[in-house]
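Working through the structure, step by step
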Amino acid sequence: MPTSKHAETVAHALDEFRIELPSWGFANTGTRFGKFVQLAAATTLEEKFSDAGQVHRWTGVCPTIALHVLWDLPEGLAGSDVVQALGARHGLRAGSINPNLFQDQIYKYGSLGNPDPAVRQQALNHLFESAEIAKRLDSRDLSLWFADGSNYPGTQNIRKRAKWFEEGLSATHARLTGNQRMLVEYKPFEPAFYHTDIADWGMALLLAQTAGPRAKVLVDTGHHYQSQNIEQIVAWLLERNMLGGFHFNDRRYADDDLTLGSIDPYQVFRIFNEILHFEWETGARADIAYMIDQSHNLKGKIEAMIQTVTTAMELYAKAALVDRERLAVHQEKCELVDAENCLKDAFATDVRPAIREWAQSKGLPGDPLDAFRQSGYLERVTPERQQKNMAAVSSYA
């Protein structure tokens, strides 16, 4: 059983913890070779909101849903009223707005990095409209990921493309108003295999700094080389007030988009530890958007999302239990074993009883996954959706 002090610490941490759900995580997804159909997957924006509402209902920490403009608002700004109505109906708010600059045929050779100025302008117009959609929906963050790059040496001018990105991101930054931010994401490879225009956190940092003070870096935990020290990147970005948000997922090899903590929960714990230690040292809350970005190809969509959310809650709670004063003393004295044990002791703590206490105090179920299964929601929606899902394209060629 948790001690009263542990329970209080966990409750305080979870009172402040929020993690955003991705609309696309509830739809049918697959690999480059095919789409795997789930009969209960969401097929419309309303169904995505409904499914996300279920996750928030049972966990209590997911009040926002990230939206992909071309997938969720194909009519652009005109779709904002529909989003607001769906949000009100399902107890959610619009979260980060994600432009799509990789799907259309015009982006075969890139978007903001395309050698054709007409293509760059079309990409810029989409970014401007996405910023306006975010403003209309009172969404703070414009989340930017670009597939731009090249597959073969010598086929593109890398320096020119970097300059075009500077210009495009600066122009987008100039359109932001109020409390809006733009988050610049990076990825070392895929779909580009020779060079990616924003390949790592240093490139994203430089582009964000060039764009302006509202631009920050977004860290996708799957977008790194094997064994890369992600928490060190997090620490550097925190120190420079440049960490804007996360796309949380897990991976075994590359960007596998697996459920959080399924492969390496200690890594996520270490990331949360760096953030909470920064907050303890500075006395200020880090202004970070926690978001999920996963592809539930095989696991049930809603169940996988609940699993990720509850895992995030557990790992955040564990990180909150680290004895900060003790850790700082051991670090100063270079007491290596004792310092490491500060982390390992907290990580080894079973926080689930304390989380159940917190949940029940909020009128939430102690076991969100079981509560969802007992609700019968999946059994109700499957017959309504299965015909549409069976008609979905599932072949590669």
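Let us look at the structure shown here.

What counts, and at which threshold
Residues numbered from 1 in each chain as written. Predicted model: local features only at pLDDT ≥ 70, side-chain atom pairs only at ≥ 80, totals over all residues. Heavy atoms only, no water. Salt bridge = Lys/Arg side-chain N within 4 Å of Asp/Glu carboxyl O. Helix = DSSP H or I, 4+ residues; strand = E, 2+ residues; numbered from the N terminus. Buried < 20%, exposed > 50% of the residue type's maximum accessible area, 1.4 Å probe, protein only. Axes fitted to C-alpha atoms, helices over the stretch in contact; angles between N-to-C directions. Parallel < 35°, antiparallel > 145°, perpendicular 65-115°, else oblique. Left-handed = near helix turned anticlockwise from the far one by under 90°. Contact = heavy atoms within 4.5 Å.

Quick notes on the pattern of salt bridges
For the coordinates displayed, the defined rule picks out 19 salt bridges. Measuring nitrogen to oxygen at the nearest pair gives 3.2 Å for the salt bridge that ties Glu 16 to Arg 285. Taken as a pair, Glu 16 in helix α1 (residues 4-16) and Arg 285 in the loop between α9 (265-282) and β12 (289-292) lie far apart in primary sequence, 269 residues in all. With relative accessibility at 36%, the residue Glu 16 sits in the partly exposed group. Arg 285 gets classed as partly exposed once you look at its relative accessible area, which sits at 43%.

Structural notes on unusual backbone geometry
Cis peptide bonds are those with omega within 30 degrees of zero, and the linkage from Glu 190 to Pro 191 qualifies with 10°. In this structure, Asp 257 takes a positive phi of about 55° despite not being glycine.

Notes on the packing of helix α5 (residues 117-136) against helix α6 (residues 158-173)
Interaxial distance between α5 and α6 falls to 10 Å at its minimum, and their mutual angle equals 30°. Judged by the angle between their axes, α5 and α6 are roughly parallel. Every pair of crossing elements has a handedness; the one defined by α5 and α6 is right-handed. Here Arg 120, Leu 124, Leu 127 and Phe 128 of α5 come into contact with α6, specifically with Trp 164, Gly 168, Ala 171 and Thr 172.

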